[in-house]
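Descriptive analysis of the structure
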Amino acid sequence: MSPSINEHAESKEALRARALQARSRLSAHARSLAAAEIRRRLAQLPELASARTVIGYAAFGGEVDVDRVLEDLAGEGRGVFLPFVVGEEIGIARVADLEADLVPGYRGVREPRAIGRRPANPARCEAAIVPGVAFDRRGGRLGYGGGHFDRLLARLRPQTPVIAVAFSQQLVEAVPREAHDHLVSVLVTEEETTRTGA
């Protein structure tokens, strides 16, 4: 296991910078191998096996690319929904083909194209796969600071599994939490699958 980032007295901003730096130190080869193992673990989760509708994300920068898992789910006839951002608001829309249905949007992140996009209700989705900057084993998640995903996750039904995927370098002792922060219920890295109890 890679050493975790120790940040007991560290602010969210400092932790975010350190976690992003740790993630960026992964070589392209190590990133590719780790991402493949994360996708393998993700595809085997019972939380996904039973879900007919899933919220996913389109990776950017150094995030774990989960496109293949989402494509497989869509190919099985599941409803796959990806986020889009309009101002301060975040919504989701169904995609059938990630290559054809996504275009660069907010901050260059791929999102469902606006033409023909039909916003969906997150509360009707049965699982969510989320990215982030840093995570802890108690379900703490640190995002990029915009709060978009926290607002989206707040609209899920209370028992909806929230599955975080990350490289082991992003695992920390404890993520500082605020009242609006949404916990994740499953954390998948290339080294472990942890059910957080959140």
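For clarity, every value in this text was computed on a predicted model and none was experimentally measured. (Residues numbered from 1 in each chain as written. Predicted model: local features only at pLDDT ≥ 70, side-chain atom pairs only at ≥ 80, totals over all residues. Heavy atoms only, no water.)

1. Some points on the overall build of the chain
Applied cut-off: Strands are runs of DSSP state E lasting at least two residues, helices are runs of H or I lasting at least four, and both sets are numbered from the N terminus onward. Note on method: radius of gyration uses C-alpha positions; expected globular size equals 2.2 Å times residues raised to 0.38. Under the scheme applied here, a residue whose accessible area is under 20% of the maximum for its type counts as buried, over 50% as exposed, and between as partly exposed, the area being computed with a 1.4 Å probe on protein chains only. The criterion used for residue contact is that any of the two residues' heavy atoms lie within 4.5 Å. In these tables, accessible area is a Shrake-Rupley quantity obtained with a 1.4 Å probe, and a residue counts as shielded only by the protein chains included in the view.
Helix and strand content of the chain: six helices and twelve strands. Relative to its length of 198 residues, the chain is compact, with a C-alpha radius of gyration of 16 Å against a globular reference of 16 Å. Principal-axis analysis of the C-alpha atoms places the extent of the chain at approximately 45 × 35 × 30 Å. Burial status across the chain gives 52% buried among its 198 residues. For the chain, long-range pairs separated by at least 24 residues make up 69% of all intrachain contacts whose partners lie at least 6 apart in sequence. A total accessible area of about 9600 Å² is found for the chain, and carbon and sulfur atoms account for 51% of it.

2. Remarks on the confidence of the model for the chain
Test applied: pLDDT is a per-residue confidence score from the predictor, ranging from 0 to 100.
On average, residues of the chain score 90 in pLDDT, and 95% of them are at 70 or above. Per-element averaging of pLDDT across the chain places helix 6 (residues 148-153) at the bottom with 87 and strand 1 (residues 53-55) at the top with 98. Here residues 1-9 is modelled with pLDDT under 50, and outside its nearest four sequence neighbours on either side it reaches 28 contacts, counting other chains as well.

3. A closer look at the pairing of strand 3 (residues 89-94)
Filter applied, for reference: In this description, strands pair whenever DSSP reports at least two bridges between them.
Pairing of strand 2 (residues 79-86) with strand 3, which is carried by six bridges, proceeds in the antiparallel orientation. Residue pairing across strands places V86 opposite E89, the latter belonging to strand 3. Once strand 2 ends, the chain turns through two residues before running back antiparallel as strand 3, passing G87 with a positive phi of about 65 degrees. For strand 3 and strand 6 (residues 119-120), the ladder comprises two bridges, and the chain directions are antiparallel. Pairing of I92 across the sheet is with A120, part of strand 6.

4. A few points about the packing of aromatic side chains
Put simply, the rule reads: Aromatic rings from Phe, Tyr and Trp, with only the six-membered ring used for Trp, were paired whenever their centres fell within 6.5 Å, and each pair was classed as stacked if the ring planes differed by under 30 degrees, edge-to-face if by over 60, and tilted otherwise.
Applying the stated criterion across every chain, the model contains one aromatic pair. A centroid spacing of 5.6 Å and a plane angle of 45 degrees characterise the contact between F60 and Y144, whose relative ring orientation is tilted. A residue pair is termed long-range when its members are at least 10 positions apart, and F60 in the loop between strand 1 and helix 4 (67-75) and Y144 in the loop between strand 9 (141-142) and helix 6 qualify at 84 residues. For Y144, a relative accessible area of 30% translates into the label partly exposed.

5. Here we look at the side chain of R78
We count it as follows: Distance and chemistry together define a polar contact, namely a pair of N or O atoms within 3.5 Å, with one atom able to donate a hydrogen and the other to accept it when in protein, and with adjacent residues in sequence counting only for side-chain atoms on both sides.
Position of R78 among the secondary structure elements: in the loop between helix 4 and strand 2. R78 sits in the buried class, given a relative accessible area of 17%. Within the local environment of R78, its side chain forms a polar contact with the backbone oxygen of A51, the two atoms lying 2.7 Å apart. Excluding anything up to four places from it in sequence, R78 contacts L48, A49, A51, R52, L73 and R94.

6. Some words on unusual backbone geometry
Phi at R107 is positive, roughly 55 degrees, even though this residue is not glycine. Within the element layout of this structure, R107 appears in the loop between strand 4 (102-104) and strand 5 (110-112). For R107, a relative accessible area of 62% gives the class exposed.

7. Description of a negative patch on the surface
Our working definition: Each patch is assembled from residues with relative accessible area greater than 30% and no salt bridge, linking like charges that lie within 9 Å and nonpolar side chains (Val, Leu, Ile, Met, Phe, Trp, Tyr) that lie within 5 Å. For this analysis, a salt bridge means a side-chain nitrogen from Lys or Arg found within 4 Å of a carboxyl oxygen belonging to Asp or Glu. Positive charges are assigned to Lys and Arg, negative charges to Asp and Glu, while His and the chain termini are left out of the count. Here the site of a charge means atom NZ of a Lys, CZ of an Arg, CG of an Asp or CD of a Glu.
Residues D65, E71, D72, D97 and E99 make up a contiguous surface patch of negative charge. Along the chain, D72 turns up in helix 4.

8. Some points on the pattern of salt bridges
Per the counting criterion, the structure on display carries ten salt bridges. Of the charged contacts in the structure, one is a salt bridge between R41 and E37, with a shortest N-O distance of 3.1 Å. Highlighted residues: R41 and E37, both in helix 2 (residues 28-43), separated by four residues, approximately one helical turn. Each of E37, R40 and R41 takes part in a single network of salt bridges with overlapping partners.

9. A word on the nonpolar core
Keep this limit in mind: In this description, a nonpolar core means a group of buried Ala, Val, Leu, Ile, Met, Phe, Trp, Tyr and Cys residues linked to one another through side-chain atoms lying within 4.5 Å.
Formed by 49 residues in total, the largest nonpolar core has its most connected members in L42 and V165. What L42 contacts, discounting residues up to four positions off in sequence, is L48, V66, V69, I129, I163, V165 and V188. With seven residues, the next largest nonpolar core counts L15, A19, L142 and V172 among its residues.

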